[in-house]
Amino acid sequence: MAMQIGSGYLHSFSKTTYSRAVQKPVPSAGGQGEQAEQADRVAELRTRQQQLQNQILLLRAGTDSAAATAEMQKAAETELEEITQKLRAAKGSGV
């Protein structure tokens, strides 16, 4: 509850804040649930793609042992290619 001190003024320290919970839409019979799942999948793939790109940049800029870094970079690049292909397929299938 907020205390009203004067007309039009509320004491900000006594205000309570309520957090709004984010609710996912309820899937209906029209196939919107599948679209939401597909959108979630695309978001996950984009996040993983960004993580791999950041990892590759850090490996290129790092000064660790060259052999281990080159192997890790190669593995990250191949995984990035796989994620990119999955992302393209997911985008092309309806999102």
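Look above for the structure.
If you're wondering where the values come from, they're calculated on a predicted model, not measured in any experiment.

Lay out the pattern of salt bridges with the relevant residues and their values.
Opposite charge on two side chains lets them pair, provided their charged atoms get close. All chains considered together, the criterion is met by two salt bridges. In this structure, Glu79 engages Arg48 in a salt bridge whose closest nitrogen and oxygen atoms are separated by 2.7 Å. Placement of Glu79 in helix H2 (residues 66–92) and of Arg48 in helix H1 (residues 32–61) is noted, with a sequence separation of 31 residues between them. On the basis of relative accessibility, which here comes to 28%, the residue Arg48 falls in the partly exposed class. Ionic pairing is found between Arg60 and Glu77, a salt bridge with its closest N-O pair at 3.2 Å. Remark: Glu77 occurs in helix H2 and Arg60 occurs in helix H1; sequence separation between them is 17 residues. Among the residues examined, Glu77 registers a relative accessible area of 25% and is labelled partly exposed.

Calculation notes
Residues numbered from 1 in each chain as written. Predicted model: local features only at pLDDT ≥ 70, side-chain atom pairs only at ≥ 80, totals over all residues. Heavy atoms only, no water. Salt bridge = Lys/Arg side-chain N within 4 Å of Asp/Glu carboxyl O. Helix = DSSP H or I, 4+ residues; strand = E, 2+ residues; numbered from the N terminus. Buried < 20%, exposed > 50% of the residue type's maximum accessible area, 1.4 Å probe, protein only.

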